[in-house]
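Structural overview
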Amino acid sequence: MEPGEPLVLTPPPGPKSKQRERISAEKLSEKQREISISEFFTKNRHLLGFDNASRALLTSVKEAVDNSLDACEEAGILPDLVVRIEQLAENRFKMMVEDNGPGIVKAQIPKVFGKLLYGSKFHRLRQSRGQQGIGISAAGMYGQLTTGKPVMVTSKTGKGKPAHHYHITIDTKANKPLIPHEDEFEWPDKDHGTTVEIEMEATYKGGRRSVDEYIQQVALANPHMHLTYYRPHKPPVVYPRVTPELPPETKEIKPHPYGVELGALMRLLRDSTARSLSGFLQAEFSRVSGAVAAEICKNAELSADLGVRKVGQVEAERLFKGISATKIMAPPTNCLAPIGEPAMLEGLKALLVQRHLAADEPEEREEGEGPQIALFDTKSVSAAEEKVTAALGAVTTIVEEDEEEDETEQTAEVASTEADADADAGQDVSANTKIIDVFGKSTFVTAVTRGPRVYRGNPFQVEAALAYGGDMPPEDLATVYRFANRVPLLYQQGACAMTQAVVRANWKTYDVQQSRGALPNGPLLVLVHIASVWVPFTSEAKEAVAHYDEIITELKFALQECGRRLSRHIRRRRRAAEADKKARYIEKYIPHIGMALQEILSLTDSKRDVVVDRLTTLLERSRKM
Ligand SMILES: Nc1ncnc2c1ncn2[C@@H]1O[C@H](COP(=O)(O)OP(=O)(O)O)[C@@H](O)[C@H]1O
Ligand SMILES: [Mg+2]
């Protein structure tokens, strides 16, 4: 074929396409109609975490517990929760979550539980577990879809007030609540709080990503919570409150100008009631004073007095550029409430105790086998509470002593090459690094909370903690517990930016084994947490954090600080073990030295014994130094 010759393709012989009937736009338009959000999520329930029977149970419990904790904390109440899972038939369960929160006012109850995208948290910037307003209503919808049963809600808002009880279903076509039954009654045991009950098709199993594991993790990140957990076929477990204080109150903030996108800016301008551009900027954004507003306008080459109504597309674009050209103070961070270093350590301690007790538990009994265990009575609850309280009380804590000279030098070198100069500068590390002894097994624990940072105008804060040793398997990959706004993330570990940060932390530097691109190996549990007013999840099911570089880098710094502390501990332990080995070797030869001396110096037997005794004491003393 000559260059430049046109290339003609002949279609291969095949069945001739039949003449198809053409549909007109008018005909098509007959089928076009609005899709209700509830219909959408009924069809796409996997997007919300309801794609299989065991996950559905977990997601429902999680949504209800999230709401209870959010409500308690907002109201300044130390949360006291009850989670109950009851098996009704092979694949039929009922979950119940009860809290001592502020309750929900009567008129709101149906909308909260019977309407998707209805909530109090979407429109505000402040750290909370829920965001989208499709949590608990979606769980109710799943229950309704699989069993036809309504959600049952009981709520009371104060002493002397009646409790309101509702049965609620969702009219999915209209995304509106229906109320098949409602009544009110006295609830003498309770001053305020809410109970949610949902019956659903589900399976319950233990192990990874189970409700049991979720409860353990939620207790770890919320040590200010008391929780009683009733499980199917096993006696209840109690998670006592291990820190007496509520997390600090979080304050709502306005968006920061750096986070706004052009389209959003235009909408804000359209909706604004301010008259001048300067007034608009000050009213809508955080950290914009009169002077900053003037600076933005100057950089945008617009008058600060320009009427908001006169701002068109061209002016909006200039304003948008003006914002990025202006230096603006970082947003306030009192909208965040990280767990904090001491609370993470308390949480880890309680987790190790609970894991030990769970491992010690007798096997699940088949129905009818042996004596029936009383599952739901108060006696078995107090027995469980006593057991765990005693175990927690028996834990002893040691603070490792300060470094020796040579070691400090080595660590300083690691610190400077690892590039994070501001991590923990001048901090008292021993306060958040401990060795805890749980049932005779010692575990090293340490925790780091980083200072607040900002990505795209959103303040966020990351935390990391490690537990090393104890009865964790020494060869396995590390266990990673991920949290976002104190909520455990159990699915999608591989897709999460926080897992990436753990992988990238370069554990070999810290005397921990790691294969390329994998999690570290060792008797290691890693806790990672991001607290933010708007966590960038990869999907509505809120299971993985999107890969923002700022987040990964910050978390890596936190992990590396933990790693440095761990490596000091590992090296100290190694040195102690070596010294021990040497001493035992020498000890073996002391009697022989005694005999040799007896022969050379013609000592009596008793003189020889004195020499042996002295040498042994000397060795002991040098080991302790
Ligand atoms: N146990 C509860 N106590 C008080 N308020 C609650 C409770 N559960 C839900 N709510 C209210 O119902 C709203 C909707 O809950 P949800 O559908 O889970 O959405 P989200 O938590 O994302 O806002 C919440 O924003 C909250 O105002
Ligand atoms: Mg919620």
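Scroll up to find the structure.
The sections below set out a description of the structure shown in this document. On a predicted model such as this, the values are computed, not experimentally measured, just so you know.

On to the overall build of the protein chain. For the protein chain, the count of helices and strands is 16 helices and 16 strands. In terms of its C-alpha atoms, the protein chain occupies a principal-axis envelope of roughly 120 × 75 × 75 Å. Scored against the burial criterion, the 625 residues of the protein chain give a buried share of 48%. Considering only contacts within the protein chain whose residues lie at least 6 apart along the sequence, 74% involve residues at least 24 apart. Each charge sign in the protein chain was given a centre, from 81 positive and 88 negative side chains, and these centres are 4 Å apart.

This part is about the pairing of strand β10 (residues 433–438). Relative to β10, strand β9 (residues 396–398) runs antiparallel, the two being bridged by three bridges. Considered in β10, the bridge of Thr396 is made with Asp437. When β10 meets strand β11 (residues 441–449), the two strands line up antiparallel, connected through six bridges. Bridged to Ile436 within β11 is Thr443. Linkage of β10 to β11, two consecutive antiparallel strands, is achieved through a turn of two residues, within which Phe439 is found at a positive phi near 50 degrees.

Our focus in this paragraph is the site of ligand 1. Neighbouring ligand 1 are 20 residues, the closest being Asn67, Asp99, Ser120, Lys121 and Gly133. Here Asn67 contributes a side-chain N or O atom positioned 2.8 Å from an oxygen atom of ligand 1. Here Gly135 contributes a backbone N or O atom positioned 3.3 Å from an oxygen atom of ligand 1. Look at ligand 1: alone it shows 540 Å² of surface, and the protein chains cover 91% of it. Broken down by secondary-structure element, the contributors of at least two residues to the shell around ligand 1 are α3 (53–74) and α5 (136–147). The greatest single-element share of the shell around ligand 1, amounting to three residues, is contributed by α3. The residue makeup of the shell around ligand 1, split by class, is six nonpolar, twelve polar and two charged.

Next up on the list: the packing of helix α7 (residues 262–271) against helix α8 (residues 277–284). One can describe the packing of α7 onto α8 by two numbers: an axis separation of 11 Å at closest approach and a directional angle of 110 degrees. Classified by the interaxial angle, the pair formed by α7 and α8 is roughly perpendicular. For the pair α7 and α8, the crossing hand works out as right-handed. Contacts between α7 and α8 involve Leu265, Leu268 and Leu269 on the former and, on the latter, Leu277, Phe280 and Glu284. Of the residues assigned to the contact of α7 with α8, the class counts are five nonpolar, no polar and one charged.

So, about the side chain of Thr499. With respect to the helices and strands, the residue Thr499 is situated in helix α14 (residues 497–504). If we skip the residues at most four places from it in the chain, Thr499 touches Arg482, Gln493 and Leu519.

Right, let's talk about α5 for a bit. Compared with the 16 Å implied by 1.5 Å per residue over twelve residues, the 16 Å span of α5 between its first and last C-alpha is a close match. With ten of twelve residues buried, α5 is to be regarded as a mostly interior element. Regarding α5, the residues found buried are Ile136, Ser137, Ala138, Ala139, Gly140, Met141, Tyr142, Gly143, Gln144 and Thr147. Downstream of α5 by a residue or two, Gly148 has a phi angle that is positive, lying close to 75 degrees.

Before going further, it helps to spend a moment on the packing of α3 against α5. Look at α3 against α5: their axes get within 9 Å of each other, and the N-to-C directions meet at 145 degrees. Crossing hand, α3 versus α5: left-handed. Contact residues: Ala53, Ala56, Ser60, Glu63, Ala64 and Asn67 in α3; Ile136, Ala139 and Tyr142 in α5. Residues of the contact of α3 with α5, tallied by class, amount to six nonpolar, two polar and one charged.

In the structure shown here, the tally under the stated rule is nine aromatic pairs. Geometrically, the ring pair formed by Phe280 and Phe285 is edge-to-face, given 6.2 Å between the ring centres and 90 degrees between the ring planes. Given the relative accessible area of 0%, Phe280 is considered buried. Members of the aromatic cluster, connected to one another through ring pairs, are Tyr455, Phe460 and Tyr548. The ring of Tyr491 carries the charged tip of Arg55 above its face, separated from the ring centre by 4.3 Å.

We note that Phe439 has phi near 50 degrees; this positive angle belongs to a residue other than glycine. You can see Phe439 is positioned in the loop between β10 and β11. Non-glycine residue Arg486 carries a positive phi angle of around 70 degrees. On the accessibility criterion, Arg486 (3% relative accessible area) is buried.

In this section: the pattern of salt bridges. Taken as a whole and assessed by the stated rule, the structure comprises 25 salt bridges. With its nearest N and O atoms 2.9 Å apart, the salt bridge here joins Arg55 to Asp51. Classification of Asp51 as partly exposed rests on a relative accessible area of 41%. As a salt-bridge pair, Lys121 and Asp70 come within 3.0 Å of each other at their nearest N and O atoms. Residue Lys121 is found in the loop between α4 (109–114) and α5, and its partner Asp70 is found in helix α3; the two are separated by 51 residues along the sequence. When its relative accessible area of 14% is taken as the criterion, Lys121 is described as buried. Relative accessible area serves as the criterion here: at 4%, Asp70 is assigned to the buried category.

Thresholds, definitions, all that
- Residues numbered from 1 in each chain as written.
- Chains lettered and ligands numbered in written order.
- Predicted model: local features only at pLDDT ≥ 70, side-chain atom pairs only at ≥ 80, totals over all residues.
- Heavy atoms only, no water.
- Helix = DSSP H or I, 4+ residues; strand = E, 2+ residues; numbered from the N terminus.
- Buried < 20%, exposed > 50% of the residue type's maximum accessible area, 1.4 Å probe, protein only.
- Contact = heavy atoms within 4.5 Å.
- Lys, Arg positive; Asp, Glu negative; His and termini not counted.
- Charge placed at Lys NZ, Arg CZ, Asp CG, Glu CD.
- Pairing = 2+ DSSP bridges.
- Near = heavy atom within 4 Å.
- Polar contact = N/O pair within 3.5 Å; in protein donor to acceptor, adjacent residues only side chain to side chain.
- Areas by Shrake-Rupley, 256 points an atom, 1.4 Å probe, with all protein chains shown as cover.
- Nonpolar A, V, L, I, M, F, W, Y, C, P; charged D, E, K, R; others polar.
- Axes fitted to C-alpha atoms, helices over the stretch in contact; angles between N-to-C directions.
- Parallel < 35°, antiparallel > 145°, perpendicular 65-115°, else oblique.
- Left-handed = near helix turned anticlockwise from the far one by under 90°.
- Expected span 1.5 Å × (residues − 1).
- Phe/Tyr/Trp six-rings, centres within 6.5 Å; stacked < 30°, edge-to-face > 60°.
- Lys NZ or Arg CZ within 6 Å of the ring centre and 35° of its normal.
- Salt bridge = Lys/Arg side-chain N within 4 Å of Asp/Glu carboxyl O.

Function cannot be read off these values alone, since they describe shape.
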